[in-house]
Amino acid sequence: MLFVTLIFIIFLCWRSVIRYRKLFNPFTLSIQYSLLFIVIPQIILILLDAGEDSILSDFVIAISVFFIYIGSFLKLPLLKVYPFKNNRLIITFTFILLLILSIPLIPHLLNFGLSFRGLREFYEYLELPSLLRELNKLKPQAEVYNMSYRVIDNPIDINDALDDNSSLILESSEYNYHRANLLYIGLKNKKGNFIILPDLLYQSIDLQLFMADKENHKSIYDYKRAYVLLKKMGFELNGVDFDMLLGAYVLNPSITKNEFKMVASSFNYYKLRFDEEVYGKGVKRSIPEPSLLMEHVISKVECLYLIKNQIISSLKENDQYDLLTQIEIPLSRVLGKMEFEGIKVDLNELNLQKKDLEERINFIESEIFRLAGETFNISSPKQLGVVLFEHLGLPSSKKTKTGYSTDQSALEEVKHLHPVVEYILNYRMLTKLYQTYIIGLNEQIFADEKCHTIYEQALTPTGRLSSIEPNLQNIPIRTEQGRLIRKMFIPSNKNNCFFSADYSQIELRVLAHLANVKKLIEAFNANLDIHSQTAREIFGHDDISPEERRKAKAVNFGIIYGISAYGLATDIGISNSMASDYIKRHNRPRDNS
């Protein structure tokens, strides 16, 4: 291997010298390569505080070798050089200098550039899952899958596997566990590693009692998912006092993703496959052969069992352990119950709104064609741009690589110049509602005429919940059509009703407390409308309209999070100068006494 690398380095040096033997002298050429490809990467490593034996060091230095080859094709030298008459001497001297510069890099090149291990660790260090998947296809990690386990397929043998302080993985057939089937139960404890067939839940009372026992301590990954999977089958899951997904989320909200391997790798555990490697992706996704799937489940439960104490120790060091056990895990069970219960959809109202929206969209489409004087694909930005800015002659303020920009802001700028633009904006709003909340929602309705959304508990850095499949948090309320969409969701029976509750201006209350703004605190204690009060200060009069209050609300919450004048102007539809004036008025010194 060393001999091959030496030959490779010699070839690089020879190639660079032959190409520019008439242009460079050996001294200046060596300086150029030293600065560009040896010294500068080392400075970068020092600034990044990367050790000599680090993966990053191996990577940068290995790349430096390849840059030497790339540099040989540069047509302009960095330093002013003068050709010599003795080209033979130049070639010899340059060859020797480049060879000397390259030899110290050989160990790093061998360590990283020719090593799957180094490349894999580097991808894991930078959290590049897609590249890791491709690398694993070329060279799988054989050492990952040498784990012994026992398959429990008989209710008589179930007690051989059950024990206190067990780690559990409930593997489902797809991400949306409301639609998925339970494939296998992976279990690990001091007795060993086990795969339990899901049918045993119906056959073994001992397994049912084990899952439901509140005194039997269990560790799990994604408690809510496991709870719903078992609830669908008619069984309870209790006694969960550790959730790897939620524990990782509490420690660092930015590292948790839906991929088990990515969460594990954040704790330096890499002996896992990606789910995509096992199941496939997109239309190619399928249930793999049992042996491969069982190995995958065992590798997950092994990871959960081994890194549990590491996560708990970190949580306790940060005084976050109670947050996990007293808030996040109990909340996970509550959310699981909410998801399992679902939200009923009025199918008659859904069909009525579907018909009404289709009629309105068809009418607006015909008006657009009439005003434009031609038919075209309204949903195509390219065709729409040509019609508006070429055929109708409207001014275009910005362009993209593919043509004219037809985004919301671009159309808002010219909507007063031609009536067709207003119709196009309405067309976009209605078609989005139609696709998202009529067609999209219809696809998410189960046989019980309910939507069973997924509340993502471990996703957002701020701690907020995120609703998907379908998204029930983003249903518009400010527009008439948005309010009609909400009419489709109804209580499960006539004796129930929806109850909506929200924190009252929680961010402003925290701000008033931390900044000790006594006038603001007094206003809250007196139950005054803070947004109306801000509007009076900004606009200078007492008779505040709903629109002025809305703008003041945007100012209040926007400024807390450092919104710019441009951002505020965009949010509430005013000029940048006016938004800047609002912010200045809002930030005037207040009397805290």
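What you see is a predicted model; the values in this text were computed from it and never measured.

So, how was this worked out
- Residues numbered from 1 in each chain as written.
- Predicted model: local features only at pLDDT ≥ 70, side-chain atom pairs only at ≥ 80, totals over all residues.
- Heavy atoms only, no water.
- Helix = DSSP H or I, 4+ residues; strand = E, 2+ residues; numbered from the N terminus.
- Contact = heavy atoms within 4.5 Å.
- Areas by Shrake-Rupley, 256 points an atom, 1.4 Å probe, with all protein chains shown as cover.
- 1 Å grid on protein atoms, 1.4 Å probe; cavity = no way out; pocket = protein on both sides within 12 Å on 5 of 7 lines; lining within 4 Å.
- Points joined across faces, edges and corners; volume = space filled by probe spheres on them.
- Nonpolar A, V, L, I, M, F, W, Y, C, P; charged D, E, K, R; others polar.
- Pairing = 2+ DSSP bridges.
- Axes fitted to C-alpha atoms, helices over the stretch in contact; angles between N-to-C directions.
- pLDDT = per-residue confidence, 0-100.
- Expected span 1.5 Å × (residues − 1).
- Buried < 20%, exposed > 50% of the residue type's maximum accessible area, 1.4 Å probe, protein only.
- Core = buried A, V, L, I, M, F, W, Y, C linked by side-chain atoms within 4.5 Å.
- Parallel < 35°, antiparallel > 145°, perpendicular 65-115°, else oblique.
- Left-handed = near helix turned anticlockwise from the far one by under 90°.
- Polar contact = N/O pair within 3.5 Å; in protein donor to acceptor, adjacent residues only side chain to side chain.
- Salt bridge = Lys/Arg side-chain N within 4 Å of Asp/Glu carboxyl O.

Caption draft 1: Just the overall build of the protein, in detail. Secondary structure assignment for the protein yields 26 helices and 13 strands. Considering only contacts within the protein whose residues lie at least 6 apart along the sequence, 63% involve residues at least 24 apart. Counting only carbon and sulfur atoms, one obtains 56% of the accessible surface of the protein, whose full area is about 32,600 Å².

Caption draft 2: Up close: unusual backbone geometry. Between glutamate 469 and the following residue, proline 470, the backbone shows a cis peptide bond with an omega angle of -5 degrees. Within the secondary structure, proline 470 sits in the loop between β12 (466-468) and α20 (480-486). The phi dihedral of glutamate 449 is positive, around 65 degrees, even though this residue is not glycine. Topologically, glutamate 449 is positioned in the loop between α19 (419-443) and β10 (450-451).

Caption draft 3: Spotlight on the layout of surface pockets. Here the largest pocket is characterised by a volume of approximately 2,500 Å³. Surrounding the largest pocket, 45 residues form its lining, Gln473, Arg486, Ser500, Ala501 and Asp502 being those nearest its centre. The element contributing the most residues to the lining of the largest pocket is helix α24 (residues 546-560), with 6 residues. Partitioning the lining of the largest pocket into residue classes produces 23 nonpolar, 10 polar and 12 charged.

Caption draft 4: Broad picture of the sheet that holds strand β6 (residues 240-243). Read from one edge of the open sheet, 6 strands run β1-β4-β3-β2-β5-β6, paired in mixed fashion. The open sheet terminates on both sides in strands that have one partner only, identified here as β1 (150-152) and β6. Adjacent strand axes in the sheet meet at a mean angle of 30 degrees when their direction is disregarded. In this structure, strand β3 (residues 182-189) lies alongside strand β4 (residues 192-196), joined through 5 bridges in antiparallel fashion. Bridging across to β4, asparagine 189 finds its partner in glycine 192.

Caption draft 5: The arrangement of the sheet that holds β10 in detail. Strand order in this open sheet of 3 strands is β10-β7-β13, and the pairing throughout is antiparallel. In the strand order of this sheet, the two ends are held by β10 and β13 (489-490), each with one partner. Pairing geometry for strand β7 (residues 343-345) and β13, over 2 bridges, is antiparallel. Among the inter-strand pairings, lysine 344 is bridged to a residue of β13, identified as isoleucine 490.

Caption draft 6: Structural view of the confidence of the model for the protein. In this model, the protein carries a mean pLDDT of 80, and residues with pLDDT of at least 70 account for 75%. This stretch, residues 1-8, has a pLDDT under 50; its non-local contacts, to residues over four places away or in other chains, come to 11 contacts. Low confidence marks residues 45-53, where pLDDT is under 50. Its contacts with residues over four positions away, or in another chain, come to 12 contacts.

Caption draft 7: Summary view of α24. The terminal C-alpha atoms of α24 lie 22 Å apart, and with 15 residues this matches the ideal 21 Å at 1.5 Å per residue to within 8%. Here α24 has its buried residues at Glu548, Lys551, Ala552, Val555, Asn556, Phe557, Gly558 and Ile559. Positive phi shows up at glycine 562, right after α24, with a value of about 75 degrees.

Caption draft 8: Representation of the nonpolar core in the model. Ranked by internal contacts, the top residues of the largest apolar core, which has 65 residues, are Leu170, Leu201, Leu207, Met211 and Met244. With 11 residues, the single largest contributor to this core is helix α14 (residues 290-317). In contact with methionine 211, not counting residues within four places along its chain, are Leu168, Ile185, Leu201, Lys218, Leu230, Glu236, Leu237 and Asn238. Core analysis: the second largest hydrophobic core is formed by 36 residues, Ile361, Val387, Val421 and Leu441 among them.

Caption draft 9: Quick peek at the packing of helix α11 (residues 244-251) against helix α15 (residues 321-341). Put simply, α11 and α15 touch, their axes get as near as 10 Å, and they point 125 degrees apart. The angle between α11 and α15 places the two elements in the oblique class. In the crossing of α11 with α15, the sense of the turn from one axis to the other is right-handed. In this structure, α11 uses Leu246, Gly247, Tyr249 and Val250 to contact α15, whose residues at the interface are Leu323, Leu324, Glu328, Ile329 and Ser332. Here the residues of the contact of α11 with α15 sort into 6 nonpolar, 2 polar and 1 charged.

Caption draft 10: Region of interest: the environment of histidine 541. Residue placement: histidine 541 occurs in the loop between α23 (530-539) and α24. Those residues in contact with histidine 541, other than ones at most four positions away along the chain, are Arg536 and Glu548. There is a polar contact of 3.2 Å between the side chain of histidine 541 and the backbone oxygen of aspartate 543. Polar side-chain contacts of histidine 541 include one of 3.2 Å to the side chain of glutamate 548.

Caption draft 11: Inspection of the pattern of salt bridges at higher detail. Within the structure shown, the criterion is met by 19 salt bridges. Between lysine 190 and aspartate 163 there is a salt bridge; the shortest N-O distance is 3.9 Å. With a gap of 27 residues between them, lysine 190 in the loop between β3 and β4 and aspartate 163 in the loop between β1 and β2 (166-172) connect regions that are remote in the sequence. According to the relative accessible area criterion, aspartate 163 is buried, its value standing at 17%. Residue glutamate 449 pairs with lysine 344 through a salt bridge whose shortest N-O separation is 3.2 Å. You can see glutamate 449 sitting in the loop between α19 and β10 and its partner lysine 344 sitting in strand β7, a full 105 residues away along the chain. The exposure class assigned to glutamate 449 is partly exposed, which follows from its relative accessible area of 33%.

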